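# Reading the structure
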Amino acid sequence: MTGVDPGLLDDQQLMKELETIHRTRHDTLLYGSNDALRTHNVRMAQLEGEYLRRHPRRPVAVGRTRSGARERQPGCEA
């Protein structure tokens, strides 16, 4: 495992880790080695999994669901 166990992070630390990993995702995909991308995938899954475990009833925007996306008018941003 790379990094601190997400279960040991407090909420603020977890959010900071998630923000960092999401910010670095694009560059890792484009320019990272296969090993770096694999490590990034594992760490992202760990962090996101912990977030979802802590927030199972998080608010979900209707526009981010399949049915909500289908209802949007072409050219509209949600």
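Details of the structure are given in the entry above.
What you are looking at is a predicted structure, and each value in this text was computed from that prediction instead of being measured. Every residue gets a number counted from 1 within its own chain, in the order that chain's sequence is written. Side-chain atom pairs in this predicted model are given and counted only at pLDDT of 80 or more, local residue features only at pLDDT of at least 70, and totals for whole chains, interfaces and linings cover all residues. To get the side-chain values, all heavy atoms of the structure are used, and hydrogens and water are removed first.

What counts as a salt bridge is simple: a side-chain nitrogen of Lys or Arg found within 4 Å of a carboxyl oxygen of Asp or Glu. A complete count under the given rule lists 5 salt bridges for this structure. A salt bridge links E17 to R43; the nearest nitrogen and oxygen atoms lie 3.8 Å apart. Here E17, found in helix α1 (residues 11-31), pairs with R43, found in helix α2 (residues 34-54); they are 26 residues apart in sequence, far enough to count as distant. Note that E50 is salt-bridged to R54, the shortest N-O span being 2.7 Å. Of this pair, E50 and R54 both sit in helix α2, 4 residues apart, which is roughly one turn of the helix. Only runs of H or I of at least four residues qualify as helices and only runs of E of at least two qualify as strands under DSSP, and these elements are numbered from the N terminus.

A word on the side chain of H40. Relative to the elements of secondary structure, H40 occurs in helix α2. A simple rule labels every residue: compare its accessible area, found with a 1.4 Å probe on the protein chains alone, to the largest value its type can have, and call it buried under 20%, exposed over 50%, or partly exposed in between. Looking at H40, the relative accessible area reads 10%, which means it is buried. From its side chain, H40 meets the backbone oxygen of I21 in a polar contact 3.5 Å long. The contact definition used throughout considers only heavy atoms, calling two residues in contact when any of these lie within 4.5 Å. When sequence neighbours within four positions are dropped, the list of residues in contact with H40 reads I21, T24, R25 and T28. Distance and chemistry together define a polar contact, namely a pair of N or O atoms within 3.5 Å, with one atom able to donate a hydrogen and the other to accept it when in protein, and with adjacent residues in sequence counting only for side-chain atoms on both sides.

When you line up the elements, E48 lands in helix α2. Between the alpha carbons of E48 and E17 there is a distance of 9.8 Å; along the sequence they are 31 residues apart.

This next bit is on α1. To estimate the expected span of a helix, count its residues, drop one, and scale the result by 1.5 Å. Given a rise of 1.5 Å per residue, 21 residues ought to cover 30 Å, and the 30 Å separating the end C-alpha atoms of α1 matches this to within 8%. By the largest-angle criterion, R25 marks the main kink of α1, which is about 40°. For α1, the complete set of buried residues consists of L14, L18, I21 and T28. The elements touched by buried residues of α1 are α2. In this scheme, the bend at a residue equals the angle between the axes fitted to the seven residues that finish there and the seven that begin there.

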